[in-house]
Amino acid sequence: MENVDIFTLTIDKNKFQSTNGIWNKLTLNDPWSVGYVSNLIEESVFTVKEDWEEYYYESGRKRREEISKLSSENQSLLDDFLLKKNNPKRINEISFDLKKLNTGYGRTKEDLMQKAKVLYGNTTSPRLSIDECFECVRFRVICETWNGIVHREKNTIARLKEMFPKIDFQKVSGEKDYQYAVDYELFLNGLLLGGIQIKPQSYLGNANYIQRAKEANKRKHSAYKNAFGKNIRFVIADMNGTILNKDDFLESLKKYYDRHIQDAIAKSI
């Protein structure tokens with residue numbers, strides 16, 4: 001598997017995890033607030049992780065330039081990164097071109113610091129410094145995107161392609177990922193077989209924030225089933241792409257896809 005350097009957390013892990021609930025409650029991870037990061041990281045090929053981080057900040061600077069051309073009212077609207085939490089209906093009323101200035105771009109360090117200040121104002125126990133809050137924001141937006149997509153996801157997909165060479169694994173758009181919580185869709189001869197969501201081993205835990213994430217994913221996966229008539233399955237993998245839920249999961253996965261492969265072969269005869 002490809003050897004890619006990963007970001008490491010520079011603050012106490014327990015402090016970082018203590019802000020998960022606040023982060024999600026304030027919707028600071030929403031594309032309105034940080035952009036579709038899974039789209040942004042696919043816009044270029046990065047040799048090292050630092051290039052990706054700078055690319056994200058540079059995209060934020062370009063966003064700043066575009067926003068500066070707008071009316072003061074629209075500038076204030078686009079800079080309200082808590083709008084999704086406070087007035088979600090308002091976002092639906094905004095034109096696509098205007099909304100794209102938030103969802104289609106990264107953010108500057110100054111923008112991330114504004115989120116850090118909000119996070120700082122909402123933390124109680126343990127109490128974090130403003131610098132620690134900034135690292136929480138930076139790590140979730142920039143570092144986890146790199147670690148998860150560039151390293152874990154790509155190594156996992158490489159391993160799955162070895163196991164299922166007839167299957168075409170297609171990375172979904174950031175919009176579709178956000179709407180349905182799906183990382184890749186699987187096709188056989190153009191036929192959609194279903195989707196997969198790649199997660200770290202920590203996703204198997206029982207912490208409150210993980211349970212909330214599971215409930216949210218369950219709703220999104222149900223919406224995907226209703227929309228496309230197919231299931232989304234979890235792949236639990238480490239950074240090297242080693243699949244950790246391979247016993248029951250891969251056996252059922254193999255039977256499921258083998259059935260589709262045999263059906264497709266039968267129809268082509």
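Residues numbered from 1 in each chain as written. Predicted model: local features only at pLDDT ≥ 70, side-chain atom pairs only at ≥ 80, totals over all residues. Heavy atoms only, no water.

Visitor: Which residues make up the overall build of the protein, and what are the values?
Guide: Of the regular secondary structure elements, the protein holds 14 helices and four strands. By residue count, 45% of the 269 residues in the protein fall in the buried class. Look at the contacts in the protein between residues 6 or more apart in sequence, and 67% of them connect residues 24 or more apart. Accessible surface, the protein as shown: approximately 14,200 Å² in total, 48% of it carbon and sulfur. (Helix = DSSP H or I, 4+ residues; strand = E, 2+ residues; numbered from the N terminus. Buried < 20%, exposed > 50% of the residue type's maximum accessible area, 1.4 Å probe, protein only. Contact = heavy atoms within 4.5 Å. Areas by Shrake-Rupley, 256 points an atom, 1.4 Å probe, with all protein chains shown as cover.)

Visitor: Which residues make up the environment of I130, and what values do they have?
Guide: Here I130 shows up in helix α11 (residues 130-163). In the structure, I130 is positioned 14 residues away from A116 in sequence and 6.6 Å away in space, judged by C-alpha atoms. If we skip the residues at most four places from it in the chain, I130 touches M113, A116, K117 and Y120.

Visitor: With reference to specific residues and values, describe the confidence of the model for the protein.
Guide: Overall, the prediction assigns the protein a mean pLDDT of 89, with 90% of residues at 70 or greater. Within the protein, the lowest mean pLDDT, 61, falls on helix α14 (residues 248-268), and the highest, 97, falls on helix α5 (residues 49-67). For the stretch residues 265-269, pLDDT sits under 50, and the model shows zero contacts to residues farther than four places along the chain or on other chains. (pLDDT = per-residue confidence, 0-100.)

Visitor: I'd like a rundown of the sheet that holds strand β3 (residues 191-199), residues and numbers included.
Guide: An order of β1-β2-β3-β4 is seen for the four strands of this open sheet, with the pairing classed as mixed. Two strands in the sheet have a free side with no partner beyond their single neighbour: β1 (168-171) and β4 (232-236). Across the sheet, the axes of successive neighbouring strands diverge by a mean angle of 35 degrees, strand direction being ignored. Relative to β3, strand β2 (residues 184-188) is paired through five bridges, and the arrangement is antiparallel. Its bridge partner lying in β3, Y184 is registered against I196. In the packing of α11 onto the sheet, the strands contacted are β1, β2, β3 and β4, and the crossing angle to β3 comes to about 135 degrees. (Pairing = 2+ DSSP bridges. Axes fitted to C-alpha atoms, helices over the stretch in contact; angles between N-to-C directions.)

Visitor: Any chance you could break down the pattern of salt bridges for me, citing the residues and the numbers?
Guide: Evaluated as defined, the whole model comprises 16 salt bridges. Put simply, R61 and E58 hold a salt bridge, and the shortest N to O gap is 2.9 Å. Residue R61 and its partner E58 are both found in helix α5; the two are separated by three residues, about one turn of the helix. Residue classification places E58 among the partly exposed positions, given a relative accessible area of 32%. In this structure, a network of salt bridges that share partners links the residues R63, R64, D79 and D111. (Salt bridge = Lys/Arg side-chain N within 4 Å of Asp/Glu carboxyl O.)

Visitor: Could you give me a rundown of the packing of α5 against α11, with the residues and numbers involved?
Guide: Closest axis-to-axis distance for the α5/α11 pair is 10 Å, and the angle between their directions is 115 degrees. Handedness of the α5/α11 crossing: right-handed. Contact with α5, carried on its side by K49, W52, E53, Y56 and Y57, involves F134, R138, V141, I142, T145 and W146 of α11 and no other residues of that element. (Left-handed = near helix turned anticlockwise from the far one by under 90°.)

Visitor: How would you sum up the environment of I41? Please name residues and give values.
Guide: By the secondary structure assignment, I41 is in the loop between α4 (37-40) and α5. By relative accessible area, I41 is classed as buried at 3%. With eleven residues separating them in the primary sequence, I41 and W52 have C-alpha atoms 7.0 Å apart.

Visitor: Which residues make up the packing of aromatic side chains, and what values do they have?
Guide: Under the defined criterion, the tally for this structure stands at nine aromatic pairs. Aromatic side chains Y180 and F228 sit 5.5 Å apart centroid to centroid with 75 degrees between the ring planes, which places their arrangement in the edge-to-face category. Here the residue Y180 occupies a position in helix α12 (residues 174-180), and F228 occupies one in helix α13 (residues 208-228), the gap between them amounting to 48 residues. Exposure remark for Y180: the relative accessible area of 10% places this residue in the buried category. By the ring-pair criterion, three or more aromatic residues cluster together here, those being F46, W52, Y55, Y56 and Y57. Over the ring of F7 we find K49, and its NZ or CZ is 5.7 Å from the ring centre. Geometry around Y203 places K214 over its ring, the cationic atom sitting 5.6 Å from the centre. (Phe/Tyr/Trp six-rings, centres within 6.5 Å; stacked < 30°, edge-to-face > 60°. Lys NZ or Arg CZ within 6 Å of the ring centre and 35° of its normal.)

Visitor: Any details on unusual backbone geometry? Residues and values, ideally.
Guide: Positive phi outside glycine occurs at T27, with the angle close to 55 degrees. Summarising the element assignment, T27 is placed in the loop between α2 (20-25) and α3 (31-34). Positive phi is not limited to glycine here, since A181 has a value of about 55 degrees. Residue placement: A181 occurs in the loop between α12 and β2.

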